[in-house]
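What the coordinates show
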Amino acid sequence: MMFKNSVRLLCVNFDKVWKLLVYHILSIGVFIALLAVFYNQYIDAVNMAYNQSNLTAFLETGTLYGSSIAGGLTAVADFVILFFKEIFTNVGIGIYFCIITFIVFPILLNIGKIVTCEMMYGYMSSCQKQSFTGTYLKTLKTSLSYSIVKVFYAIPFNFLIVLSMWGLTRVNNPIFDYIMPFAFVIVPSLFMAFKETFNSGWAPAMVVYNQNVFKSFMTGMRAVLRRGARVFSTAFIIFLLAIVLSMVLGLYSIIIILPIISPLIHVFEMVMFFSSQGMRFYVDNDVILTPKKLEEVDKIDDAKFIL
């Protein structure tokens, strides 16, 4: 039901997909502009890594064939390793790239997440439509504190995801080529669902209860743990579908899939939080969903916290 209601809400509020997409494009523009300071160095590193890693293997047709996936992933992993080796020949340029790529850019994206959740809260609670710019300015202080803490909190999860992908590319066995399509779909989906389970209640708690970044994390975790298995399984299905569709439709389908997956995850988090807290919410203009109340979903040991 979480997945179904999330998709329904996304379809009803599809204007938010376009607004978030425009914001992401602007964020990418800022990201590129900041990197342009060392444009020549980065372009030279990209060209060198591209030529030595045979990255064209990633653009091969027949993406469902095991050896193609194995070759493509290996080429991507080699490209990344060669690129970082090249830019870190100048330590200052390498550190600057890492700060902009792994700190500043994710902060910008996480700000957009809080804005989207705030807009969804307005619709789900009172069927209210809000402007993206107005909501952005209203929540900037809150979203900035969340984004900064979230970036550093997510580092271990992102490391596990990247490590799992890198590990798949290091397996050198002809038999594994036939297992690779399944491993490539399942392993990253499991790790991303694991990350989402530990993050999904955080932003909604900040938006709904207007709590600080640390208190909202605890509130969000309590909400997630009430339906932990459902949260994990729904997140797994979302990421699984995204990866499978990307493989079936080809590399360039990511241009369409990514702008939809991001707001779908934000909507899913709000649906999860409302459902776990027993809060009624609009699914569309004519339908209001009434989840079970807290006293119906909490364990007996937790009953003392209801009052």
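Residues numbered from 1 in each chain as written. Predicted model: local features only at pLDDT ≥ 70, side-chain atom pairs only at ≥ 80, totals over all residues. Heavy atoms only, no water.

**Some details on the overall build of the chain**
Of the regular secondary structure elements, the chain holds 14 helices and two strands. Counting only residues that meet the buried cut, the chain has 45% of its 307 residues in that class. Counting only contacts in the chain whose residues sit at least 6 apart along the sequence, the fraction spanning at least 24 positions is 73%. Carbon together with sulfur atoms contributes 70% to the accessible area of the chain, which is approximately 16,100 Å² in total. (Helix = DSSP H or I, 4+ residues; strand = E, 2+ residues; numbered from the N terminus. Buried < 20%, exposed > 50% of the residue type's maximum accessible area, 1.4 Å probe, protein only. Contact = heavy atoms within 4.5 Å. Areas by Shrake-Rupley, 256 points an atom, 1.4 Å probe, with all protein chains shown as cover.)

**Overview of the packing of aromatic side chains**
Here the structure, examined in full by the defined rule, presents 23 aromatic pairs. Relative to Phe-97, the ring of Phe-83 has its centre 5.2 Å away and its plane inclined at 65°; by these criteria the two rings are edge-to-face. Placement of the pair is Phe-83 in helix α4 (residues 66–87) and Phe-97 in helix α5 (residues 91–126), with a sequence separation of 14 residues. Exposure class is identical for Phe-83 and Phe-97. Each is buried. (Phe/Tyr/Trp six-rings, centres within 6.5 Å; stacked < 30°, edge-to-face > 60°.)

**Re helix α8 (residues 155–170)**
The end-to-end C-alpha separation of α8 is 22 Å, in line with the 22 Å expected for 16 residues at 1.5 Å each. The set of residues buried in α8 consists of Phe-157, Ile-161, Ser-164, Leu-168 and Thr-169. Projected down its long axis, α8 shows its buried positions confined to an angular sector of 145°, all on one face. Within α8, the exposed residues directed more than 90 degrees away from the buried face are Phe-159 and Val-162. (Expected span 1.5 Å × (residues − 1). Arc of directions from axis to C-beta.)

**Examining the pairing of strand β1 (residues 281–284)**
Two elements, β1 and strand β2 (residues 287–289), share three bridges in a ladder whose sense is antiparallel. Among the inter-strand pairings, Tyr-282 is bridged to a residue of β2, identified as Ile-288. Remark: two residues form the turn of the hairpin made by β1 and β2, two consecutive strands paired antiparallel. (Pairing = 2+ DSSP bridges.)

**Quick notes on the pattern of salt bridges**
Summed over the entire model, instances satisfying the criterion amount to five salt bridges. Between Asp-15 and Lys-19 there is a salt bridge, and its shortest N-O distance comes to 3.5 Å. In this pair, Asp-15 and Lys-19 are both assigned in helix α2 (residues 15–35), four residues apart and thus about one turn of the helix distant. The exposure class assigned to Asp-15 is partly exposed, which follows from its relative accessible area of 26%. Among the charged side chains, a salt-bridge network with shared partners connects Asp-15, Lys-19 and Lys-129. (Salt bridge = Lys/Arg side-chain N within 4 Å of Asp/Glu carboxyl O.)

**A few points about the packing of α2 against helix α13 (residues 254–276)**
Running from N to C, α2 and α13 cross one another at 115°; their axes reach a closest spacing of 9 Å. What the angle tells us is that α2 and α13 run roughly perpendicular. Between α2 and α13 lies a crossing whose hand is right-handed. Here Val-17, Leu-20, Leu-21 and His-24 of α2 come into contact with α13, specifically with Pro-259, Ser-262, Pro-263 and His-266. (Axes fitted to C-alpha atoms, helices over the stretch in contact; angles between N-to-C directions. Parallel < 35°, antiparallel > 145°, perpendicular 65-115°, else oblique. Left-handed = near helix turned anticlockwise from the far one by under 90°.)

**Here we look at the nonpolar core**
In terms of nonpolar packing, the biggest core is built from 42 residues, with Leu-9 and Met-124 touching the most fellow members. Secondary-structure elements contributing two or more residues to this core are α1 (2–12), α5, α10 (202–209), α11 (213–226), α12 (228–249), α13 and β1. For this core, the element with the highest residue contribution is α13, accounting for 11 residues. The residues touching Met-124, leaving out its near neighbours within four places in the chain, are Leu-9, Met-270, Val-271, Phe-274, Arg-280, Phe-281 and Tyr-282. Counting residues in hydrophobic clusters, the runner-up holds 13 residues, among them Phe-31, Ala-45, Ala-49 and Leu-82. (Core = buried A, V, L, I, M, F, W, Y, C linked by side-chain atoms within 4.5 Å.)

**Quick word on the confidence of the model for the chain**
Counting all residues, the mean pLDDT for the chain is 84, and 87% of those residues have values of 70 or more. Averaged over each element, pLDDT in the chain is lowest for helix α14 (residues 294–297) (50) and highest for α10 (94). Considering only residues more than four positions removed or in separate chains, one finds that residues 61–67, a stretch of pLDDT under 50, has 15 contacts. (pLDDT = per-residue confidence, 0-100.)

**Observations regarding the side chain of Ser-200**
Structurally, Ser-200 can be placed in the loop between α9 (176–199) and α10. If sequence neighbours within four positions are ignored, Ser-200 has contacts with Val-224, Val-231, Glu-269 and Met-272.

**As for a nonpolar patch on the surface**
A cluster of nonpolar side chains, contributed by Ile-81, Phe-159, Leu-160, Leu-163, Trp-166, Phe-194 and Phe-198, occupies part of the molecular surface with about 620 Å² of accessible area. Among the secondary structure elements, those contributing two or more residues to the nonpolar patch are α8 and α9. When residues of the nonpolar patch are assigned to their parent elements, the largest contribution, four residues, is made by α8. Residue classification places Phe-194 among the partly exposed residues on the basis of a relative accessible area of 36%. (Patch = residues over 30% accessible without salt bridge, like charges linked within 9 Å, V, L, I, M, F, W, Y side chains within 5 Å.)

**Here's the deal with unusual backbone geometry**
Positive phi, normally seen in glycine, also occurs at Cys-127, with a value near 55°. Position of Cys-127 among the secondary structure elements: in the loop between α5 and α6 (132–138). Look at Asn-210: it is not a glycine, yet its phi comes out positive at around 55°.

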